[in-house]
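Now for the letters of each chain:
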Amino acid sequence: MVSKRKDSVYRSGPTMNWRKIKCYAEKEMDIIGVQRESGKPLMVLMADKGRYAGGAFVTFKADKRQRLWDRVQGKVGGPVPKGLKSDKAEWLKPGLVGRVRFLKGEEKLRHAKLLDFRDKQ
């Protein structure tokens, strides 16, 4: 959402008269894969109602990140979703769910962050 003061005119560059506000949503989705790249945070690949939704960065502290990694290692070897063939991804067997915070109003996940995870019940 973009808003401005009623009496202001447009000018390029930063200004206190114009504001861009991002709206976020949270949702539980299935964790279907992980992607690790050197120099970047771990990313989990998410699916919503069986459809690939995108990736979410994992920014947990070391102990919680290790707990997630331990659970992931036991589930490696799942099927590759249709239309996705990332060589950098490790696909997981079903069973993990993650709560994700992401930019609202987008078709795929954008500016997404994994907030928590649990075993699927």
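In this report, the structure presented in the accompanying data block is examined. Not measured: the values here are computed from a predicted model.

Rules used throughout
- Residues numbered from 1 in each chain as written.
- Predicted model: local features only at pLDDT ≥ 70, side-chain atom pairs only at ≥ 80, totals over all residues.
- Heavy atoms only, no water.
- Helix = DSSP H or I, 4+ residues; strand = E, 2+ residues; numbered from the N terminus.
- Expected span 1.5 Å × (residues − 1).
- Buried < 20%, exposed > 50% of the residue type's maximum accessible area, 1.4 Å probe, protein only.
- Arc of directions from axis to C-beta.
- Contact = heavy atoms within 4.5 Å.
- Pairing = 2+ DSSP bridges.

### So, helix α1 (residues 62-73)
In a regular helix each residue adds 1.5 Å, so 12 residues correspond to 16 Å; α1 covers 16 Å between its end C-alpha atoms and thus fits that length. By the burial criterion, the buried members of α1 are Leu68, Trp69 and Val72. Seen along its axis, α1 keeps its buried residues to an arc of 100°; they face one direction. In this structure, the buried residues of α1 make contact with β3 (24-35), β4 (43-48), β5 (51-58), β6 (89-91), β7 (96-103) and β8 (113-119).

### Some thoughts on the pairing of β8
Relative to β8, β5 runs parallel, the two sharing 2 bridges. Bridging across to β8, Val58 finds its partner in Leu114. Here 6 bridges tie β7 to β8, and the two strands are oriented antiparallel to one another. In the sheet register, Gly98 faces β8, and the bridge partner there is Phe117.

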